[in-house]
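Each chain, written out:
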Amino acid sequence: MTKHIKPRSVEILGVRIDDVTYGEACDIAEALIRRGGVHQFATVNPEFVMAARDDEEFRNVLANTALNVPDGAGVVWAAGRRGMKLRERVAGVDLMLELCALASRHRWRVFFLGAQPGVAERAAAQIVLTYPGLTVAGTHAGTPHRAEELPIVERVRAARPHLLFVAYGAPAQDKWLARNLPLLSPGASVGQEGTHGIVGMGVGGAFDFIAGVQKRAPAWMQQANLEWLYRLARQPWRWRRQTALIRFVVAAMLESR
Ligand code: UDP
């Protein structure tokens, strides 16, 4: 995977975070799609960082992405402690929608992979309502399990997408992309419209939010950096995962002492 366009970045507990705005992330996606090849974006939040500490494969995946956007107020805060003021928090679901807007302008083909059966279809239909020019290359629930990935890769390859969103949750979705994006190139990207690159991005619960299966925190909670609290209240089983946030704060404070 190529990664020539280099924004300013900061390392937080061993994970690279790139200082980009939504607009710049879209510009980078556009440049990479025009250039060709396969490229992975990740939406890094404190859970990612803590998982990567204990998981070498995930750490390597995040080290080799074209772009790691700062998804999460915790990441922005930790970067500030390390002396880098990130200009914007770039939430995965919002970046996905911005990329879809760009895709509709450029007539790019978009594939939605993951979530429970039927959810990717509903999310795609909702996005087409918002961006009527969008070309849906395909939708499929599939599964992140290794044993079942070849037919899924074939399906995505046949659809020749420019953008591939994968909603299997982290780290499964990001590992899936790192393993399988290379298999989508270059044959997949030669269509009537010529050769183009592919940008793949893991998007967690984004399809659920867009399809209305899960409600997203109200805007005021997002602005107050309380999205985690809203999710915890609606999905209490997440508490164990969310202890990562506390461990992250402690580790980030120690790192920047
Ligand atoms: N998911 C899936 N297959 C799996 C596990 C998860 O399709 O084996 C989907 C799940 O339906 C949801 C998404 O992955 O749409 C992950 O959501 P979650 O909110 O856990 O992700 P996060 O945003 O926390 O990374």
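Above this text is the structure in question.
The following paragraphs examine the structure supplied in this document. Fair warning: this is a prediction, and the values are worked out from it, not measured in the lab.

To continue, consider the site of the ligand. Taken together, 13 residues surround the ligand, and among them Ala115, Asp208, Arg231, Arg238 and Arg241 come closest. Side-chain polar atom of Gln116 to an oxygen atom of the ligand: 3.5 Å apart, as the coordinates give it. Burial of the ligand by the protein chains amounts to 75% of its free accessible area of 550 Å². Considering only residue class, the shell around the ligand consists of five nonpolar, four polar and four charged.

Let us look at helix H7 (residues 149-159). Taken together, the buried positions of H7 are Glu149, Ile152, Val153, Val156 and Ala159. Burial along H7 is one-sided: seen end-on, the buried residues are contained in an arc of 125°. Away from its buried face, by an angle of more than 90 degrees, H7 presents the exposed residues Leu150, Pro151 and Ala158.

Quick look at the pattern of salt bridges now. Following the criterion strictly, the structure yields 17 salt bridges and no others. In this structure, the salt-bridge partner of Glu57 is Arg146, at a minimum N-O distance of 3.8 Å. Within this pair, whereas Glu57 is found in helix H3 (residues 56-63), its partner Arg146 is found in the loop between strand S6 (135-140) and H7, the two being separated by 89 residues in sequence. For Arg146, a relative accessible area of 52% puts it in the exposed group. Between Arg216 and Glu227 there is a salt bridge; the shortest N-O distance is 3.0 Å. With Arg216 in the loop between helix H9 (206-211) and helix H10 (219-223) and Glu227 in helix H11 (residues 227-234), this pair connects stretches of sequence that are 11 residues apart. Looking at Glu227, the relative accessible area reads 13%, which means it is buried. Among the charged side chains, a salt-bridge network with shared partners connects Asp55, Glu57, Arg146, Glu149, Lys175 and Arg179.

A few words now on the packing of aromatic side chains. Taken as a whole and assessed by the stated rule, the structure comprises three aromatic pairs. Ring centres of Phe48 and Phe58 lie 5.6 Å apart, and the angle between their planes is 45°; this geometry places the pair in the tilted category. Residue Phe48 is found in helix H2 (residues 46-54), and its partner Phe58 is found in helix H3; the two are separated by 10 residues along the sequence. With relative accessibility at 0%, the residue Phe58 sits in the buried group.

Pairing is parallel in the open sheet, where six strands are placed in the order S4-S3-S10-S7-S5-S6. Two strands in the sheet have a free side with no partner beyond their single neighbour: strand S4 (67-70) and S6. In this sheet, neighbouring strand axes are inclined to one another by 20° on average, regardless of whether the strands run parallel or antiparallel. Pairing of strand S5 (residues 109-114) with S6, which is carried by five bridges, proceeds in the parallel orientation. Following the sheet pairing, Leu113 is matched in S6 by His140. Sheet contacts for H7: S5, S6 and strand S7 (163-167); angle to S5, the most-contacted strand, approximately 165°.

A grouping of Trp77, Val249 and Met253 is seen on the molecular surface, where their side chains present a nonpolar patch of about 230 Å² in accessible area. Within the secondary structure layout, Trp77 lies in helix H4 (residues 73-81). Residue classification places Trp77 among the partly exposed positions, given a relative accessible area of 33%.

The next subject is the nonpolar core. Phe41, Leu95, Met96, Phe112, Leu163, Phe165 and Phe207 are the most contacted members of the largest nonpolar core, which totals 41 residues. Sorting the residues of this core by element identifies helix H1 (22-35), S4, helix H5 (92-106), S5, helix H6 (119-130), S7, strand S10 (198-202) and H9 as the ones contributing at least two each. Residues contacting Phe207, with those up to four places away along its chain left out, are Met96, Phe112, Leu113, Gly114, Ala115, Val119, Ala120, Ala123, Phe165 and Ala167. Listed in part, the 22 residues of the second largest apolar core include Ala42, Leu62, Leu86 and Ala251.

Let us look at H4. Of all the positions in H4, only Gly74, Val75, Ala78 and Ala79 are classed as buried. Buried residues of H4 fall within an arc of 135° about the axis and therefore sit on the same side. The secondary structure elements touched by the buried residues of H4 are strand S1 (9-12), strand S2 (15-18), strand S3 (38-44), H2, S4 and helix H12 (239-255). Two residues or fewer after H4 comes Gly83, characterised by a positive phi angle close to 90°.

What counts and how
Residues numbered from 1 in each chain as written. Predicted model: local features only at pLDDT ≥ 70, side-chain atom pairs only at ≥ 80, totals over all residues. Heavy atoms only, no water. Near = heavy atom within 4 Å. Polar contact = N/O pair within 3.5 Å; in protein donor to acceptor, adjacent residues only side chain to side chain. Areas by Shrake-Rupley, 256 points an atom, 1.4 Å probe, with all protein chains shown as cover. Nonpolar A, V, L, I, M, F, W, Y, C, P; charged D, E, K, R; others polar. Buried < 20%, exposed > 50% of the residue type's maximum accessible area, 1.4 Å probe, protein only. Helix = DSSP H or I, 4+ residues; strand = E, 2+ residues; numbered from the N terminus. Arc of directions from axis to C-beta. Salt bridge = Lys/Arg side-chain N within 4 Å of Asp/Glu carboxyl O. Phe/Tyr/Trp six-rings, centres within 6.5 Å; stacked < 30°, edge-to-face > 60°. Pairing = 2+ DSSP bridges. Axes fitted to C-alpha atoms, helices over the stretch in contact; angles between N-to-C directions. Contact = heavy atoms within 4.5 Å. Patch = residues over 30% accessible without salt bridge, like charges linked within 9 Å, V, L, I, M, F, W, Y side chains within 5 Å. Core = buried A, V, L, I, M, F, W, Y, C linked by side-chain atoms within 4.5 Å.

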